[in-house]
Amino acid sequence: MSEAAPKKGRGRTIQRKYTSKACDECRRRRAKCEGQKPSCSRCLSRNIPCHYSVQNNRQPAPKSYVLLLRNRIEALEHILRSHGIDVEASLAELMDHHVFLHPDDFNTGTEASINPSLSSDLDDLCGAFHGTLTFDEALNFDDDGEMRYFGPTSGRLPFQSSRDPSIENNFPLEYEEGPFSNGPGKQLDDFSLPMSEDLDPSDELRSHLFELYFTWEQPWYQVVNEKIFRESLQQNGRFSTPLLVNCILAIASRYSDRLEVRSIIDNSNSAGQRFLERAEALLPFELKWPNITTLQSLAILGMVYVAMGQDAAGWLHQGMACRLALDMGLNVDSSALASKVSMSTEEAELRRQIYWSLYCHDKLAASYTGRVCTLLEPQGVVNLPSPSGTQLESRVVSLQLANIRICRILERILLSLWAPKPLLGGSKRSAFFDKCVVKLRSWYYDLPSDLKISTANVLPQVYTLHMVYYTVFILLSKPFLTQSESPNRANATRDDQEITKKAKLLCDESAQKMRAVAQKYRQEFGSFRLSPITATHCTLSAALISLENYTSEIKGTENEQHSLAQKYEIETCLQTLKELSTSWYPAKCINLHLGKLYQQTRERHNDKTVAMELETPNRLISPDVNRSRPGDDPGNIQPLPIPMSFDMDWDIFTVPHILEDQTVLPQDIHGVDIEGILASDLSLSFPAHLPSDYNLP
């Protein structure tokens, strides 16, 4: 009898339990095991020790992923055969010599040396991807009158057309002023407080800010080790200097709602300014004899400047941190230096942690600004951080390891497709696309269970990691969408059309699922008020895809339901950006300009919400909503839009949960407050509930 075969009992059928967690003894004897712990019944009855090997408990790979791998293998085998290579014989030879292929090898070395005379198709592609040199505040949030370069991955280029005087009055004045303004013509420098010992934070405030930093910022940007820092702080050691302390207090102030961290009480963007001023005064002295805390301080200072809307200063200090890391040899693993310098194991692990944090941040910052990443993988030979300590500390290290893996893929995408002179061209790009899709799917499938979000996750930065995952998919796909729009692509081959179709589907799916991740984040943490800044660029990437789809559907004859779904996705992204804007000034600027684009699209195409006519013959119509009565003017009946939600676990659209009395909870099941999403920013209003017409099974 097979293991899953039913077993008959008294008047009923008992389904024998199937388990993949057989103990070692049952596996050795090839006996059936029910997987009970600490001892299965077979071992218990025989009075023998029962042991279970460590297993990863991963679910079977989805069919689509398996087919993707099979197609990839078949294509590679076909290439080998076309070159006269006997696949089976070669594989047998490799096995005999114990030679195995490493899955992380991209073999892009030969692809980097492309013909300098690029094809016309690639010229068109590069032309479409050129960034812009500008001092327009729509792109340059510094608004300092100095020209800055921003590339296409930044997502800011569409904002150049968002300055429509006809709708300028619909936006709050505070968005239109400089990053530190407190009214027309007033900059934060006019309100700066002098440094004084009287301004030292109390022990309670310092403790509050340290806790915010190590809970919300440090797990994502791990340039400081909490254990080493706190021990050094208590013992006045070398890993906690006044410069580093003030930098930590400055960035932590961005996460705090307490007024004493602000230099201007009614301006949230002044949070941490007094700590920043002290750090700026201390930095020149440390730069003369920089050490590891100087490097940490520079990395954090870069984030502080970006948080306050000074992208150029942030980019500069981040670059200084990367150069100092190379100067101090953090790009060479400490184990290789053990014979020449004396270094504790704890410090060696700290150096690895800092290097990989800078490496990941370099990739995310490059995509945020649309520039070329500078700290490249070939520059470093550093072992990966090792999980140790408590369960939470191990989970944070696991988060960093996953971030490193996906940033390696992101680096290749940025250099191969988005650089001013992309490394790949012609047919190589299509193969690269398929290769990256497999790598990204493998990354997701290999995530450990503590980095999944199918169930609630206690680590908020895990959700940011998933948002980065879908952003990388968008950055991989968008070049192939732009290629299809080139005027020279009229005679595109079937392969070109096929990859464009795949890229489009992948792009749309990623944007939808990123919004689903944001909804899950809200369910667990209420809002994005305390989220890392990385969520800003991720949200913008998804919003631009939804806005593009919304515009194309208005021009065409797409289903009304799809159009309303796109509107809801855009509005949800705007809500996320609004929540991020308290901590991060760039999110406030992006929210403003994206909202302008959205409103212009609605006005340009006269997009007035209309009743959705369902074609089903048994459509339910509420007697109270959207039904004309005797004497009613049909033109005065105002139907309501349909907030749609995309379930990331099922490829279907679902409507919010509706109670039996046909009313909807004030906040839907995803925690998105539809009413007032844009009321303050865009002068738009949204209904509090849906008519019963849309209570569909």
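Residues numbered from 1 in each chain as written. Predicted model: local features only at pLDDT ≥ 70, side-chain atom pairs only at ≥ 80, totals over all residues. Heavy atoms only, no water.

## Focus: the overall build of the protein chain
Consideration 1: A count of helices and strands for the protein chain gives 21 helices and 6 strands.
Consideration 2: For the protein chain, the proportion of contacts with a sequence separation of at least 24, taken over those separated by at least 6, is 71%.
Consideration 3: Looking at the protein chain as shown, the accessible area adds up to about 34,800 Å², and 53% of this sits on carbon and sulfur atoms. (Helix = DSSP H or I, 4+ residues; strand = E, 2+ residues; numbered from the N terminus. Contact = heavy atoms within 4.5 Å. Areas by Shrake-Rupley, 256 points an atom, 1.4 Å probe, with all protein chains shown as cover.)

## What about the side chain of Thr-536?
Consideration 1: For Thr-536, the position within the fold is in helix α18 (residues 534-555).
Consideration 2: Not counting the four nearest positions on each side in its chain, Thr-536 is found in contact with Leu-577, Leu-580, Ala-587 and Ile-590.

## Some remarks on the environment of Thr-241
Consideration 1: Relative to the helices and strands, Thr-241 is located in the loop between α8 (226-235) and α9 (242-253).
Consideration 2: When its relative accessible area of 13% is taken as the criterion, Thr-241 is described as buried.
Consideration 3: With near-sequence residues (within four places) excluded, Thr-241 lies in contact with Glu-286 and Thr-293. (Buried < 20%, exposed > 50% of the residue type's maximum accessible area, 1.4 Å probe, protein only.)

## With respect to helix α7 (residues 203-217)
Consideration 1: A rise of 1.5 Å per residue sets the reference length of α7, with its 15 residues, at 21 Å; its end C-alpha atoms lie 20 Å apart and thus fit the reference within 8%.
Consideration 2: Buried within α7 we find Leu-205, Leu-209, Phe-210, Leu-212, Tyr-213, Phe-214, Trp-216 and Glu-217. (Expected span 1.5 Å × (residues − 1).)

## Section: the packing of aromatic side chains
Consideration 1: Counted by the stated rule, this structure contains 17 aromatic pairs.
Consideration 2: Ring geometry for Trp-216 versus Phe-525: centroids 6.1 Å apart, planes at 80°, classification edge-to-face. Taken together, the residues Trp-216 in helix α7 and Phe-525 in helix α17 (residues 494-525) connect sequence positions 309 residues apart.
Consideration 3: Residue Trp-216 is classed as buried on the basis of its relative accessible area, which comes to 14%.
Consideration 4: Note on Phe-525: relative accessible area 25%, which makes it partly exposed.
Consideration 5: Here Trp-356 and Tyr-359 contribute two aromatic rings whose centre-to-centre distance is 5.3 Å and whose plane-to-plane angle is 80°, an arrangement assigned as edge-to-face. (Phe/Tyr/Trp six-rings, centres within 6.5 Å; stacked < 30°, edge-to-face > 60°.)

## Topic: the environment of Ser-263
Consideration 1: By secondary structure assignment, the location of Ser-263 is in the loop between α9 and α10 (273-288).
Consideration 2: Remark: the alpha-carbon pair of Ser-263 and Phe-275, spanning 12 residues in sequence, is separated by 9.8 Å.

## A short note on the packing of helix α3 (residues 63-82) against helix α15 (residues 427-445)
Consideration 1: Running from N to C, α3 and α15 cross one another at 140°; their axes reach a closest spacing of 11 Å. On the basis of their axis angle, the class for α3 and α15 is oblique. At the point where α3 passes α15, the crossing takes the left-handed sense. Across from Tyr-65, Leu-68, Leu-69 and Arg-72 in α3, the residues of α15 making contact are Ala-431, Asp-434, Lys-435, Val-437, Val-438, Arg-441, Ser-442 and Tyr-445.
Consideration 2: Here the contact of α3 with α15 is composed, by residue class, of 7 nonpolar, 1 polar and 4 charged. (Axes fitted to C-alpha atoms, helices over the stretch in contact; angles between N-to-C directions. Parallel < 35°, antiparallel > 145°, perpendicular 65-115°, else oblique. Left-handed = near helix turned anticlockwise from the far one by under 90°. Nonpolar A, V, L, I, M, F, W, Y, C, P; charged D, E, K, R; others polar.)

## Observations regarding the nonpolar core
Consideration 1: By size, the foremost hydrophobic cluster in this structure holds 139 residues, and its most contacted members are Tyr-213, Val-224, Ile-300, Leu-358, Ile-413, Leu-476 and Trp-584.
Consideration 2: Setting aside its immediate chain neighbours within four residues, Tyr-213 contacts Gln-218, Pro-219, Tyr-221, Val-223, Val-224, Ile-248, Ile-251, Ala-252 and Ile-300.
Consideration 3: Counting 8 residues, the second-largest nonpolar core is a separate cluster that includes Ala-22, Cys-23, Cys-26 and Cys-33. (Core = buried A, V, L, I, M, F, W, Y, C linked by side-chain atoms within 4.5 Å.)

## Description of the side chain of Thr-551
Consideration 1: Structurally, Thr-551 can be placed in helix α18.
Consideration 2: A distance of 2.9 Å separates a polar side-chain atom of Thr-551 from the backbone oxygen of Leu-547. (Polar contact = N/O pair within 3.5 Å; in protein donor to acceptor, adjacent residues only side chain to side chain.)

## Let's talk about unusual backbone geometry
Consideration 1: For the bond from Lys-37 to Pro-38, the omega torsion is 10°, close enough to zero to count as cis.
Consideration 2: Mapped onto the secondary structure, Pro-38 falls in the loop between α1 (24-29) and α2 (41-46).
Consideration 3: Here Asn-47, not a glycine, exhibits a phi torsion of approximately 55°, which is positive.
Consideration 4: Along the polypeptide, Asn-47 turns up in the loop between α2 and α3.
Consideration 5: Not every positive phi belongs to a glycine, and Asn-236 is a case in point at roughly 55°.
Consideration 6: The residue Asn-236 is located in the loop between α8 and α9 in this model.

## Notes on the packing of α7 against α8
Consideration 1: Where α7 meets α8, the closest approach of the two axes is 12 Å, and the angle between their N-to-C directions is 160°. One element, α7, and the other, α8, form an angle in the roughly antiparallel class. Judged by the sense of rotation from one axis to the other, the crossing of α7 with α8 is right-handed. Here α7 contributes Arg-206, Phe-210, Glu-211 and Phe-214 to the contact with α8, which in turn contributes Glu-226, Phe-229, Arg-230 and Leu-233.
Consideration 2: The class makeup of the residues in the contact of α7 with α8 is 4 nonpolar, no polar and 4 charged.

## So, the environment of Gln-400
Consideration 1: Considering the arrangement of structural elements, one finds Gln-400 in helix α14 (residues 391-418).
Consideration 2: Apart from residues lying up to four places away in sequence, Gln-400 is in contact with Gln-222, Gln-353, Trp-356, Ser-357 and Pro-385.
Consideration 3: A polar contact is formed between the side chain of Gln-400 and the side chain of Ser-357, at a distance of 3.0 Å.

## Section: the state of the cysteines
Consideration 1: Applying the stated criterion to the full structure yields 0 disulfides.
Consideration 2: With no disulfide of its own, Cys-360 has Cys-407 as its nearest cysteine by sulfur position, at a separation of 4.0 Å.
Consideration 3: According to the relative accessible area criterion, Cys-360 is buried, its value standing at 4%. (Disulfide = S-S within 2.5 Å.)

## A word on the pattern of salt bridges
Consideration 1: According to the stated counting rule, one finds 20 salt bridges in the structure shown.
Consideration 2: Salt-bridge contacts for Arg-230 lead to Glu-226; the nearest nitrogen and oxygen are separated by 3.0 Å. Of the two residues, Arg-230 and Glu-226 are both situated in helix α8; the distance of 4 residues between them amounts to about one turn of the helix.
Consideration 3: A relative accessible area of 31% places Glu-226 in the partly exposed class.
Consideration 4: One salt bridge in this structure joins Arg-412 and Glu-377, with 3.5 Å as the shortest N-O distance. Of this pair, Arg-412 sits in helix α14 while Glu-377 sits in the loop between α13 (345-369) and α14, and the two are 35 residues apart along the sequence.
Consideration 5: The structure contains a network of salt bridges with shared partners spanning Glu-204, Arg-258 and Glu-260. (Salt bridge = Lys/Arg side-chain N within 4 Å of Asp/Glu carboxyl O.)

## Comments concerning α8
Consideration 1: Within the span of α8, buried status applies to Ile-228, Phe-229 and Ser-232. Looking down the long axis of α8, one finds its buried residues gathered within 95° of arc, a one-sided arrangement.
Consideration 2: The inward-facing, buried residues of α8 contact α7, α9 and α13.
Consideration 3: Positive backbone phi, at 55°, marks Asn-236, one or two positions downstream of α8. (Arc of directions from axis to C-beta.)

## Re the confidence of the model for the protein chain
Consideration 1: Summing up the model confidence of the protein chain, the mean pLDDT is 74 and the portion of residues at 70 or higher is 66%.
Consideration 2: Low confidence marks residues 1-16, where pLDDT is under 50. Its contacts with residues over four positions away, or in another chain, come to 21 contacts.
Consideration 3: Throughout residues 171-177 the model reports pLDDT below 50, and contacts reaching past four residues in sequence, or to other chains, amount to 21 contacts. (pLDDT = per-residue confidence, 0-100.)

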